[in-house]
Amino acid sequence: MDATVESLRQRYRQAGQDHLFTFFDSLQEEEKAQLVQQLSKLDVERVNQVFQTAIKADELARTAKSSSIQPPPHESVESTIGEANASKAKSFAQIGFDAIAKGEVGVLLMAGGQGTRLGSSAPKGCYDIGLPSAKSLFQIQAERIIKLQQLAASKASAQGSSVVLPWYIMTSGPTRSDTEAFFRKHSFFGLDEKNVVFFEQGTLPCLSLDGKILLESKFKVATAPDGNGGLYRALRTPFKCGSSETVISDLERRGIKFLHAYGVDNCLVKVGDPTFIGVCLEKGVQAGVKVVKKTDPKESVGVVALKDGKFGVVEYSEIPQELSEAREEDGSGQLAFRAANIANHFYTTTFLSKDVPAFEAEMAFHIARKKIPTIDLSTGESVKPTTPNGMKLELFVFDVFPFCDKLAVHEVERKEEFSPLKNARGTGSDDPDTSRRDLLAQQKRWLEVAGAKVAEGAEVELSPLVTYSGEGLEAFQGKVLESGNIEP
């Protein structure tokens, strides 16, 4: 071990991070082994590079003159809202169904978060929003995949062939084992286990304000998740211990050309949405983003826009008031900057495997200055700071947008596709009660369109195995439905 330790020390000395060995000689053998293992896995040169790029970008943002911010160009935007766009939406959906039926589409779930704000320590996807069926978010989404596979098979030109829509689930260090255990406990909700791939987003060390890696204890580096934009690096990181297999290699092995990525906390998400896939394929883009209309200038949501001529997401805190309140000149009264980002994306596999690695080093991590518990290197005592003493670095999933030559912006109806779960029950906004309300209201609309009637005060839940997006409900025409959960 001595030669290994000396080699490791030399590497960290050259990187200017050898302070991490300050207490090494006084540690127990088990503690030494733990620190050596962690430092051996850490790419310290990359950490330094990430810090330098982040600091430079942060400084530029502080000192730069006002950016030029414009709405996304009209040719990039495709709306499928309302009856006027129904025929167009159907055409896009058929394109998407064809790609799914050919086995060219996969879905990727960003599920690294815990339900801490919901009062739960379990992974967020395990959460039950209070539906009559008591289904978790994971189960709802799994059953949507099963139904979509069936629909794609029935709409495909080659009838009778089975369709597989592989599901890639990005967890985090704190959630991976619990997520996998939850899926096994529920027999993968009817999906074939070999088509559900778990992988893990990365972490980065917490840094001092001058870029030194902080120690959580004398033998452990302080770390934090690298943000949902850590997705891109995680796709190329082996997802099994002792294996070289990655999500990218799995996509390529299966012949997956297109990927739909989304966040776990939206109960209305159309997993693998064929219409969205169709929009992006028709436009021939590397990447796409699904958006809902922002109607209130004060809504705390980022919008997709052009920033200095490049696609990006402008946070609500960054956009000047006169722009956030600006209206279209066509007399529609709509906000000019209305493309609200909902973390719902399309990618080509080629973009993820070839293009992203080529520009990844240029993507600047965002700095969050925090009060980070650490060890005083001079005394060895634990320190709980009262003011920010360090930083956590995060990459956002939309940080690839500025590097896209073309980006499809697909505008959809909020009440049909977006009801986020962010807050604890009783908050009244983006909480379990609003998620439950929005999902049941959507399904009531579907039933009424099919000619059914939901009894006064009743709550009727439709299993995703019955309908993916309101289709196939003709059998309920003329019926009056009481409260309950309808399964196949």
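Residues numbered from 1 in each chain as written. Predicted model: local features only at pLDDT ≥ 70, side-chain atom pairs only at ≥ 80, totals over all residues. Heavy atoms only, no water.

**Student:** What is the right way to read the overall build of the protein from this model?
**Tutor:** Check the secondary structure of the protein and you find 13 helices and 24 strands. Viewed in the frame of its principal axes, the protein has a C-alpha envelope of about 80 × 55 × 45 Å. Looking at the protein as a whole, 51% of its 488 residues are labelled buried. If you average the places of the 58 positive and of the 66 negative side-chain charges in the protein, the two averages end up 1 Å apart. (Helix = DSSP H or I, 4+ residues; strand = E, 2+ residues; numbered from the N terminus. Buried < 20%, exposed > 50% of the residue type's maximum accessible area, 1.4 Å probe, protein only. Lys, Arg positive; Asp, Glu negative; His and termini not counted. Charge placed at Lys NZ, Arg CZ, Asp CG, Glu CD.)

**Student:** Would you mind going over the packing of aromatic side chains with me for this structure?
**Tutor:** Describing an aromatic ring pair means giving the distance of the ring centres and the angle of the ring planes. Following the criterion strictly, the structure yields 17 aromatic pairs and no others. Relative to Phe189, the ring of Phe182 has its centre 6.0 Å away and its plane inclined at 50°; by these criteria the two rings are tilted. There is no split in this pair, since Phe182 and Phe189 are both buried. Between Phe359 and Phe403 the ring centres are 4.2 Å apart and the planes differ by 0°, which places this aromatic pair in the stacked class. One end of the pair, Phe359, is in helix H11 (residues 349-359); the other, Phe403, is in the loop between strand E19 (390-394) and strand E20 (407-412), and 44 residues separate them in sequence. Take Phe403: its relative accessible area is 25%, and that puts it in the partly exposed class. Aromatic rings pair up to connect Phe138, Trp167, Phe182, Phe183, Phe188, Phe189 and Phe198 into one cluster. Lying over the aromatic face of Phe23, Lys218 brings its terminal NZ or CZ to 5.4 Å of the ring centre. (Phe/Tyr/Trp six-rings, centres within 6.5 Å; stacked < 30°, edge-to-face > 60°. Lys NZ or Arg CZ within 6 Å of the ring centre and 35° of its normal.)

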